[in-house]
Amino acid sequence: MQQYNFKYFFLKYKKRYLLGVVWLALVDILQLLIPQILRLFTDDLQDGLLDGAGLVRYAVFIILVATGTALFRFLWRLYINGTARKLERDLRNDLYHHLQKLSPNYFQHQKTGDLMAHATNDINAIRRATGPGVVMLADAIMLTIATISILIFTIDIRLTLMALIPLPFISLVSVRFGKIIHRKFKKVQEAFSDLSDKAQENFSGIRVVKAFAREKKEIARFETSNKENFLRNVNLIKTWGLFRPLVRFFSGLSFLVVIWYGGRLVILQTISLGDFVAFISYLGMLTWPMMALGFVINIIQRGRASLDRINEIFAEEPEIYNFPETDYDITELEGKITFENLTFSYPKEEKAVLEDISLSIEAGKTVAFLGRTGSGKSTIARLLLRMYNTEPEQIFLDDTDIRHVPLEVVRQEMAYVPQDNFLFSTTIAENIAFHDPETPRAEIEQAAREACVYDNIMDFPHGFDTILGERGVTLSGGQQQRVALARALIKRPKILMLDDSLSAVDTKTEEKILQNLETIMKDRTTILIAHRISTLKNADIIYVLDEGKIIERGIHDTLLENKGLYHDIYQKQLLEEKLEDS
Ligand SMILES: Nc1ncnc2c1ncn2[C@@H]1O[C@H](COP(=O)(O)OP(=O)(O)OP(=O)(O)O)[C@@H](O)[C@H]1O
Ligand SMILES: [Mg+2]
């Protein structure tokens, strides 16, 4: 089980982090030189020691310091923030890799939005802790210690101590405000994503909106969302507006102390005017580390919380994998399927959706499952694909328990046309050749012909290169089904499962497709799941499912003679057909 912590991150790129901190230290040293230059300059100026050459010398010095600062700043950004980006990239890849291994059941119980939030917000928070967080922490510590030491040792200890008193309040204020600002910022983000979700959903459902004449109400709904977004933004601005003045107030207090007490020291000539100028300048440099200290506490806290959440996902074990008993000698399947007293309920559900199913399908046969909606037909297909684990000795493929057949073999030897035929937003050709992008175009076209969708595709201006929109919106329902069918046929599977895959195809085309299947699937096993009798009446055997149980089995003619559910459904469909025809 992969689990992450910050130590792992820092060790992974420790050289880069160490170098980054070195660059940071160099910037700080250069920064700290500036007040010293000012101090010498002021003292020289006051003592009348400066001539033209001296001025030039100071100018060159300042330019050198500024150039060095710029260079080292560039380097620490590259080394620390750049490394945090590397970590972000690695972590995101690991997460995606891990998520791809999890079973469909996991995704069933997770909201896609939540997963996306983990992948963006949480990883972002971790990056901020490992990048800017490190910079702020290192910078704050180095700058604070160095500045205070310089003040104490080179100027005046009592003045330093007095001037420091108000500064910790800056840290406190920034911790507190950091939290509030973050909370409000999140609210802004939520409001904004709500707003964009509403708009997006509305645009995709625009036909429904228009059909129900809901435009006005939708506009009102949008305006409410938009107003909420605005109010939350204003709320955030107000907090920011308070934060800056408060920080200024406390650093102002420090300056007050210096002007009052330091000014006296200058008058009494305990310290020089140059010391005084340098002091003020150093003091100004302390505001930032004090703020940073406050921020960094929040950044680290948030990073940790996000890391915990990400670790929770990494702790999810894939449920479906090759068990130790897997027989790796199996590299292909003949196509025989056996169920022995198969009873199944979905994980975390009590009710059995399949009950005591026993049947045997010889390789090369065509079998069909018929049944009312919710009777468990699709579940059978999912179990055969091993989307879910069954108990031992319930499903056999070629007489081997499906639990011991290598998962790759199961998935490679079967092809499945799901009921909700999902197509990807790419070209039709890529959708059909999904199993292997290298498939030659001729094979893709052949599969399209077999699925009786070739002519439809060729009618599009871009033919097979037509890009499908979200969920294939440019295709009709029946066209989608047939593209999904072509995607399965091109695999030349040993076991083909069509889950209600011809429901949106007219009966003539359906007949044509079934004829094609007969040739293609001659020595292969075909499983037809359907509501329509016309789809499955020629099957070698038909099973009628009702509430998870097989209540009838046989060929079309015997089932009709039985006068059971099959017969009822058949009569009903005959009647419907007649009504349509008349
Ligand atoms: N992932 C799931 N988790 C829990 N229960 C599920 C899940 N999928 C399906 N079910 C339940 O299992 C039962 C059988 O569902 P299944 O999808 O197999 O029916 P079906 O026969 O294919 O129906 P349809 O003809 O409408 O496609 C239903 O009661 C359904 O609510
Ligand atoms: Mg179904």
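The coordinates are above.
These numbers were taken from a predicted model, which means no experiment stands behind them. (Residues numbered from 1 in each chain as written. Chains lettered and ligands numbered in written order. Predicted model: local features only at pLDDT ≥ 70, side-chain atom pairs only at ≥ 80, totals over all residues.)

### A closer look at the environment of Phe 464
Our working definition: Numbered from the N terminus, helices here are DSSP runs of H or I no shorter than four residues, and strands are runs of E no shorter than two. Once C-beta atoms are placed from the backbone, each residue is buried if 20 or more other C-beta atoms lie within 10 Å of its own, exposed if 12 or fewer, and partly exposed for counts between those two. Residues are scored as being in contact if the C-beta atoms we place from backbone atoms lie within 7 Å.
Tracing the chain through its elements places Phe 464 in the loop between α16 (454–459) and α17 (477–489). Under the C-beta neighbour-count criterion, Phe 464 is labelled partly exposed, with 19 such atoms within 10 Å. Remark: the alpha-carbon pair of Phe 464 and Gly 364, spanning 100 residues in sequence, is separated by 31 Å. In this structure, Phe 464 is in contact with Thr 427, Ile 428, Ala 429, Ile 444 and Ile 457, ignoring residues within four places of it in sequence.

### Digging into the pairing of strand β6 (residues 414–417)
In plain terms, the rule: Any two strands with at least two DSSP bridges between them are considered paired.
Residues of β6 alternate between two faces, with Met 414 and Tyr 416 on one and Ala 415 and Val 417 on the opposite face, all of them buried. Sheet topology places β6 next to strand β7 (residues 495–499); four bridges connect them, and they run parallel. Among the inter-strand pairings, Ala 415 is bridged to a residue of β7, identified as Leu 496.

### Description of the site of ligand 1
Selection criterion: Using the backbone to place each C-beta atom, any residue with that atom within 6 Å of a molecule or strand is considered near it.
Around ligand 1 lies a shell of 14 residues, among which Tyr 346, Thr 373, Lys 377, Ser 378 and Thr 379 are the nearest. If one sorts the elements of the shell around ligand 1 by residue count, helix α12 (residues 377–384) sits on top with three residues.

### Some points on helix α10 (residues 215–267)
Our working definition: Multiplying 1.5 Å by the residue count of a helix minus one yields the expected span of that helix.
With 53 residues, α10 extends 76 Å between its outermost C-alpha atoms, agreeing within 8% with the 78 Å of an ideal straight helix rising 1.5 Å per residue. All of the buried residues in α10 are Asn 229, Val 247, Ser 251, Ser 254, Val 258 and Gly 262. Check the buried side of α10 and you find it contacts α7 (157–164), α8 (167–204) and α11 (273–315).

### Topic: the sheet that holds strand β4 (residues 395–397)
Threshold: Simply put, an axis is a line fit to the C-alpha atoms, just over the touching stretch for a helix, and the angle between two N-to-C directions goes from 0 to 180 degrees.
Across the sheet, four strands lie side by side as β2-β1-β4-β5; this open sheet has antiparallel pairing. The open sheet has two free edges, formed respectively by β2 (354–361) and β5 (400–401), since each of these has just one partner strand. Pairing analysis gives three bridges linking strand β1 (residues 337–344) to β4, with the strands arranged antiparallel. Looking at the pairing, Phe 339 lines up with Ile 395 of β4. Against the sheet, α12 touches β1, β2 and β4, its axis set at about 115 degrees to β1.

### What to know about the packing of helix α2 (residues 14–46) against helix α6 (residues 132–155)
Selection rule: The hand of a helix crossing depends on one turn: near helix anticlockwise from the far one by less than a right angle means left-handed, and clockwise means right-handed. All amino acids are sorted into three groups, where Ala, Val, Leu, Ile, Met, Phe, Trp, Tyr, Cys and Pro are nonpolar, Asp, Glu, Lys and Arg are charged, and the leftover types, Gly among them, are polar.
Put simply, α2 and α6 touch, their axes get as near as 10 Å, and they point 35 degrees apart. Taken as a pair, α2 and α6 cross one another with a handedness that is right-handed. On α6, the residues that touch Tyr 17, Val 21, Leu 24, Ala 25, Asp 28 and Leu 32 of α2 are Val 134, Val 135, Ala 138, Asp 139, Met 142, Leu 143, Ala 146, Thr 147 and Ile 150. In terms of residue class, the contact of α2 with α6 is made up of 12 nonpolar, one polar and two charged.

### Brief notes about the sheet that holds β7
One open sheet holds the six strands; their spatial order is β6-β7-β8-β3-β9-β10, and the pairing between them is mixed. Both edges of this open sheet fall to β6 and β10 (549–554), since each of them pairs with a single strand only. With strand direction ignored, the average angle separating the axes of adjacent strands in the sheet is 15 degrees. The pairing of strand β3 (residues 366–371) with strand β8 (residues 525–530) spans five bridges and is parallel. Within β8, the position partnered with Phe 369 by the bridge is Ile 529. Running at roughly 150 degrees to β7, α12 makes contact with β3, β6, β7, β8 and β9 (541–546) of the sheet.

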